[in-house]
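# Structural features, examined
Here is how the chains run, residue by residue.
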Amino acid sequence: MISLVIPIYNEEQVIDELLRRSLAALEKTGQAFEVIMVDDGSTDGSLQKLLQVHNEDKRVKVLELSRNFGHQAAFTAGLRQSLGDYTVMMDGDLQDMPELIGPMYEKMMSGQYDIVNGYRTSRAETGFRAFLFMVFHKLFAFILDNREAENMGNFSMLNRPALEALKQLKEKTRYLPGLRSYVGFRQGSLDYDREARAEGKAKMRLKHLMGLAADAIFSFSRLPIKVCFYLGLVGIVVFGLAGIVLLFEEPTTPLTHDYKSILVGLYFLGSVQLAFIGIIGEYVFKGYKETQNRPMYFVRKAYVD
Ligand code: UDP
Ligand code: MG
């Protein structure tokens, strides 16, 4: 059986086409399947639409979360519900084409892979957003030390052992494409062009994207801490030496004439320290979130049979 997991947040206008194309694509594989639609606290008519479909076709299951928990939490809820031998993660705005599920499944059936990742050869975003995506994905691929990760998002198919491994990663701060790369297994990829979203605006505002990027970076890397540390080391050496030099130098101008540079230096150092405390604070906060151990989401109601 194939399970298709789709997070939905206010996608009322897209759902009809999304389900029509997804069901057609799944039927074409000739395998049994289920579609798990995770309603992530939509405030439009998305849930009603989903339940309507569920009532007519029980292969379409709906998880209604108790409020909006975010894209990654919604995916996680759906992955935990998945019963399939093969599980597909796909966005619900048709940026990932359902028609690719067939080719993904075929690639999986070649027996060479446990995970098949959608590999974006192009993206539809433009302008500032596109630039930010580019910077993030380059940085993150560098952190993971995985060149390929640069062009991988959530769209992917996992077999049962790979999914079980992914499900064992219980951290609250999660960036699934990173975790999926982390579990290893034999990973392959399928090239595709990422479409523009079918209708409506991106549901993830810049603020959320930044948050997601921070989650990804801070939970996979101590690069930010290392940057602080090495900058500190450089400062110690440079200013240490400068201090020693000054010890042996006769003061030329009276100190009172040069108070500005002293003040600026002071404020500059203070700001550097504040920024670094902020970076360390981010790790402390993430550690704190983990110890709180709150569930990532609550399911208000599951329509699964
Ligand atoms: N989504 C979600 N919860 C949210 C935000 C988005 O479940 O809080 C869903 C959304 O409905 C879509 C997918 O996640 O199916 C990707 O969202 P979006 O297109 O806004 O993200 P982007 O393409 O900009 O990464
Ligand atoms: Mg999108």
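The sections below set out a description of the structure shown in this document. (Residues numbered from 1 in each chain as written. Chains lettered and ligands numbered in written order. Predicted model: local features only at pLDDT ≥ 70, side-chain atom pairs only at ≥ 80, totals over all residues. Heavy atoms only, no water.)

## Concerning helix H3 (residues 71-81)
Counting along an α-helix, one turn takes 3.6 residues, and residues three or four places apart therefore face a common direction. This is how the line gets drawn: Type-normalised accessible area, obtained with a 1.4 Å probe on protein chains alone, sets the label of each residue: buried when under 20%, exposed when over 50%, and partly exposed for intermediate values. Each helix corresponds to a stretch of at least 4 residues labelled H or I by DSSP, and each strand to a stretch of at least 2 residues labelled E; elements are numbered beginning at the N terminus.
For H3, a buried count of 9 out of 11 residues is recorded, marking the element as mostly surrounded by other parts of the structure. All buried positions along H3 are accounted for by His71, Gln72, Ala73, Ala74, Phe75, Thr76, Ala77, Gly78 and Leu79.

## Things to note about the coordination of the magnesium ion (ligand 2)
Four donors placed tetrahedrally around a metal ideally meet at 109.5 degrees, and six donors placed octahedrally ideally meet at 90 or 180 degrees. What counts here: Counted as coordinating are nitrogen, oxygen and sulfur atoms within 2.8 Å of the metal, or 3.2 Å for Na, K and Ca, while water is not included, which may make sites look incomplete.
Those protein atoms acting as donors to the magnesium ion (ligand 2) are Asp93 (OD) and Gln95 (OE1), and they sit at 1.9 to 2.0 Å. As far as burial versus exposure is concerned, aspartate 93 and glutamine 95 are alike and both buried.

## A few points about the site of ligand 1
Here is the rule: Near is defined per residue: the residue qualifies when any heavy atom it owns lies within 4 Å of the molecule or strand. We call two N or O atoms a polar contact when they sit within 3.5 Å, provided that within protein one can donate a hydrogen and the other can accept it, with sequence-adjacent residues counted only if both atoms are side-chain atoms. In this description, accessible areas are obtained by the Shrake-Rupley approach with a 1.4 Å probe, and a residue is regarded as covered only by the protein chains that are shown. Gly is placed with the polar residues, together with every amino acid not listed as nonpolar (Ala, Val, Leu, Ile, Met, Phe, Trp, Tyr, Cys and Pro) or charged (Asp, Glu, Lys and Arg).
In the neighbourhood of ligand 1, 18 residues make up the surrounding shell, with Glu11, Asp40, Asp93, Gln95 and Lys203 lying closest. A distance of 3.5 Å is found between a nitrogen atom of ligand 1 and a backbone nitrogen or oxygen belonging to histidine 71. The separation between an oxygen atom of ligand 1 and a polar side-chain atom of glutamine 95 is 2.7 Å. In the complex, the protein chains occlude 95% of the 530 Å² of accessible area that ligand 1 would expose alone. Among the residues making up the shell around ligand 1, the classes are represented as 5 nonpolar, 5 polar and 8 charged.

## Digging into the nonpolar core
Short version of the rule: By nonpolar core we mean a set of buried residues, namely Ala, Val, Leu, Ile, Met, Phe, Trp, Tyr and Cys, connected to one another through side-chain atoms within 4.5 Å.
Grouped together as the largest cluster of nonpolar side chains are 33 residues, with contacts concentrated most on Val35 and Met37. Elements that contribute at least two residues to this core include exactly strand E1 (2-8), helix H1 (12-29), strand E2 (33-39), helix H2 (46-56), strand E3 (60-65), helix H4 (101-109), strand E6 (152-159) and strand E7 (187-193). Considering every element that reaches this core, the biggest residue donor is H1, with 6 residues. Ile36, Met89, Ala165 and Leu179 belong to the second largest nonpolar core, which has 24 residues in total.

## Digging into the packing of aromatic side chains
Applied cut-off: Whether two aromatic rings pair depends on their centres lying within 6.5 Å, for rings of Phe, Tyr and Trp, where Trp uses its six-membered ring; planes under 30 degrees apart make the pair stacked, over 60 edge-to-face, and the rest tilted.
A full pass over the atoms with the stated rule returns 10 aromatic pairs. Here phenylalanine 229 and tyrosine 230 contribute two aromatic rings whose centre-to-centre distance is 5.5 Å and whose plane-to-plane angle is 65 degrees, an arrangement assigned as edge-to-face. With relative accessibility at 47%, the residue tyrosine 230 sits in the partly exposed group.

## Section: the layout of surface pockets
Going by this rule: Only protein atoms enter the calculation, which uses a 1 Å grid: trapped sets of points that fit a 1.4 Å probe without letting it out are cavities, open sets showing protein on both sides within 12 Å along at least five of seven lines are pockets, and any residue with an atom within 4 Å of a point is a lining residue. Grid points are joined across faces, edges and corners, and a volume is the space filled by probe spheres set on the points.
When its volume is computed, the second largest pocket comes out at roughly 270 Å³. For the lining of the second largest pocket, the elements supplying multiple residues, two or more each, are helix H9 (223-247) and helix H10 (259-292). Looking at which element gives the most residues to the lining of the second largest pocket, the answer is H10, with 5 residues. Per-class residue counts for the lining of the second largest pocket are 6 nonpolar, 3 polar and no charged.

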